[in-house]
Amino acid sequence: MSVFSHLEFDNHEKVVFVEDEQSGLKAIIAVHNTNLGPSLGGCRMWPYESDEEALTDVLRLSRGMTYKSAIAGLPLGGGKCVIIGDHRKDKTPELLRALGRAIEGLSGAYITAEDSGTSVADMVTIGECTQYASGVVKGSEHGGDPSPSTAYGVFIGLKAAVKHKLRRTDLRGLKVAVQGVGNVGFHLCKYLQAEGVELTVTDIFPANVERVVTELGAKFVAHEDIYTVDVDVFAPCAMGGVINEETLSQLKAKVIAGAANNQLARSEISQLILSNDILYAPDYVINAGGIIDIAYQRNGGGTDDLKAHIESIGTILTSIFERADKTGYSTEIVANQIAQERFKN
Ligand code: NAD
């Protein structure tokens, strides 16, 4: 398997292939860049169809973490770990401990955290063999779960986007469509509802719909109708790749501001969003509340400082919007430029 010539290879500092015969562990750890500090990023467990697919994912995701931490003003670099396997069948304490030993062997260049297919409890098990597992600090406000902080950051970022594009500071009567009301989406809806926002939501999981409709009075639409509803803001909080030519042509919203990772189907879509006169809050900027929370869990720091740091997402987004207006570049391109200015020294 070629690494240096891989399309997603971007001067990664380290790519480590881990195999432990006894536990069946097969994992790849990628450290993209540590100029600003040790790399931190989640550990994903997924039944990848091939090693190549796992490599592509870990290279891309670790790079993304460098940009996310840099733009969030954290003293951290970007890294990621993928375990090749089905978390429902293959995950054992032995496998997680073997991974912990491999992470410890990197002497702090990579700090792991939960991601798809791993949990806070798994971080505790990994943490038996390494000091470089985060999200396990006792006493954190939400027991290690970063979702409420992610939602708070998205709420702050959404307000900054609405202020910039729609010139509104009062959200009362604003119409927001939320796609996906799971951990982050539900908390976001709570913040929005408290400010008098009219919520339209969708989800493919009925219990999550029920919760937001009964508790918050949200209006439900079928998942295929969420793009066409007449709203001011579209908040993607489910899966990635949802903004493409087709969905963009359906959107009535003038602002896209949500938690989902990798919202754009392709990076060129950011230019199309701009020409459609829609303001896009780049996903990795607006959803950085979770990584900020994890960094504070790890490095210590008071609740007030954490809150203030998450609120800085609004300030950084505003500076991105202003620079985009001035230069004519898309907000995605401007965000990437600012992140690079920070981590490339
Ligand atoms: P979650 O799994 O708790 O919630 C996602 C929700 O989306 C679920 O209720 C699911 O049923 C729903 N969904 C899935 N496919 C759908 C579809 N086609 N249409 C409508 N709904 C659909 O996940 P989460 O932790 O709330 O994360 C949401 C998004 O935010 C993800 O993209 C995640 O990568 C991203 N994100 C999360 C965090 C965090 O702290 N949890 C941090 C950064 C980014």
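Relevant structure appears above.
For every chain, the first residue of the written sequence is number 1, and numbering continues from 1 along that sequence. Totals for whole chains, interfaces and linings use all residues, but because this is a predicted model, local features are given only for residues with pLDDT of at least 70 and pairs of side-chain atoms are given and counted only at 80 or more. Note: side-chain values were computed over all heavy atoms of the structure, leaving out hydrogens and water.

## Describing the overall build of the protein chain
To qualify as a helix, a DSSP run of H or I must reach at least 4 residues; to qualify as a strand, a run of E must reach at least 2; elements of each kind are numbered from the N terminus. When its secondary structure is counted, the protein chain shows 12 helices and 11 strands. For a compact globule of 345 residues, the expected C-alpha radius of gyration is about 20 Å, and the protein chain comes in at 20 Å, within 12% of that figure. If you line up the protein chain on its principal axes, its C-alpha atoms span 55 × 45 × 40 Å. Accessible area is worked out with a 1.4 Å probe on protein chains only. A residue is then buried under 20% of its type maximum, exposed over 50%, and partly exposed in between. Buried residues in the protein chain amount to 54% of all 345 residues. Counting only contacts in the protein chain whose residues sit at least 6 apart along the sequence, the fraction spanning at least 24 positions is 65%. Accessibility throughout is a Shrake-Rupley quantity obtained with a 1.4 Å probe, and a residue counts as covered only by protein chains that appear here. Total accessible area on the protein chain is roughly 15,000 Å²; 49% of this is exposed by carbon and sulfur atoms. Each radius of gyration is computed over the set of C-alpha atoms, and the globule rule expresses the reference value as 2.2 Å times the number of residues to the power 0.38. Residues count as neighbours in contact if any of their non-hydrogen atoms are within 4.5 Å of one another.

## Some thoughts on the sheet that holds strand β9 (residues 233–236)
For two strands to be treated as a pair, DSSP must find at least two bridges joining them. An order of β8-β7-β6-β9-β10-β11 is seen for the 6 strands of this open sheet, with the pairing classed as parallel. In this open sheet, the two edge strands, each paired with only one partner strand, are β8 (219–220) and β11 (279–280). The sheet contact formed by strand β6 (residues 175–179) and β9 spans 4 bridges and is parallel. Bridging across to β9, Q179 finds its partner in P236.

## Observations regarding the environment of L279
Mapping L279 onto the fold places it in strand β11. Judged by its relative accessible area of 8%, L279 falls in the buried class. Separated by 10 residues in the primary sequence, L279 and G289 place their C-alpha atoms 20 Å from one another. Not counting the four nearest positions on each side in its chain, L279 is found in contact with A161, H164, K165, K254, V255, I256, F321 and T331.

## A look at the site of the ligand
Within the structure, the ligand sits among 19 residues, and T150, V184, D203, N208 and A238 are positioned closest to it. Any N or O atom pair separated by 3.5 Å or less is treated as a polar contact, with the protein-specific requirement of one donor-capable and one acceptor-capable atom, and with residues adjacent in sequence counted only for side-chain atom pairs. Interatomic distance of 2.8 Å between a backbone N/O atom of A238 and an oxygen atom of the ligand. When the free accessible area of the ligand is taken as 820 Å², the share hidden by the protein chains comes to 74%. Counting only elements with at least two residues in the shell around the ligand, the list comes to α4 (147–166) and α5 (183–194). For the shell around the ligand, the residue count by class is 9 nonpolar, 9 polar and 1 charged. For this purpose, a residue is taken to be near a molecule or strand whenever a single non-hydrogen atom of the residue falls within 4 Å of it. Only Asp, Glu, Lys and Arg are considered charged in this grouping, and only Ala, Val, Leu, Ile, Met, Phe, Trp, Tyr, Cys and Pro are considered nonpolar; every other residue, Gly among them, is considered polar.

## Let's talk about the state of the cysteines
Cysteine sulfur pairs qualify as disulfides if the two atoms are within 2.5 Å. For the structure shown, the criterion picks out 0 disulfides. No disulfide involves C43; its nearest neighbouring cysteine sulfur is the one of C81, lying 3.8 Å away. Overall, the relative accessible area of 0% leaves C43 in the buried class. There is no disulfide at C237, and the cysteine sulfur nearest it, in C189, is 7.4 Å away. Overall, the relative accessible area of 12% leaves C237 in the buried class.

## Looking at α5
For α5, spanning 12 residues, the distance from its first C-alpha to its last is 17 Å, which sits close to the expected 16 Å at 1.5 Å a residue. Along its buried surface, α5 packs onto α4, β6, β7 (198–202), α6 (206–216) and β9. Positioned one or two residues after α5, G196 has a phi angle of 85°, which is positive. A helix is expected to span 1.5 Å for every residue after the first.

## Topic: the sheet that holds strand β5 (residues 110–114)
Ordered by their spatial adjacency, 5 strands build an open sheet running β1-β2-β4-β3-β5, and the pairing between neighbours is mixed. Every interior strand has two partners, whereas the edge strands, β1 (14–20) and β5, have only one. On average, adjacent strands in this sheet sit at an angle of 25° to one another, irrespective of strand direction. Sheet analysis places strand β3 (residues 39–46) next to β5, joined by 5 bridges and oriented parallel. Looking across to β5, one finds that G42 is bridged to A113. The angle between two axes is taken between their N-to-C directions and runs from 0 to 180 degrees, where each axis is a line fitted to C-alpha atoms and a helix contributes only its stretch in contact.

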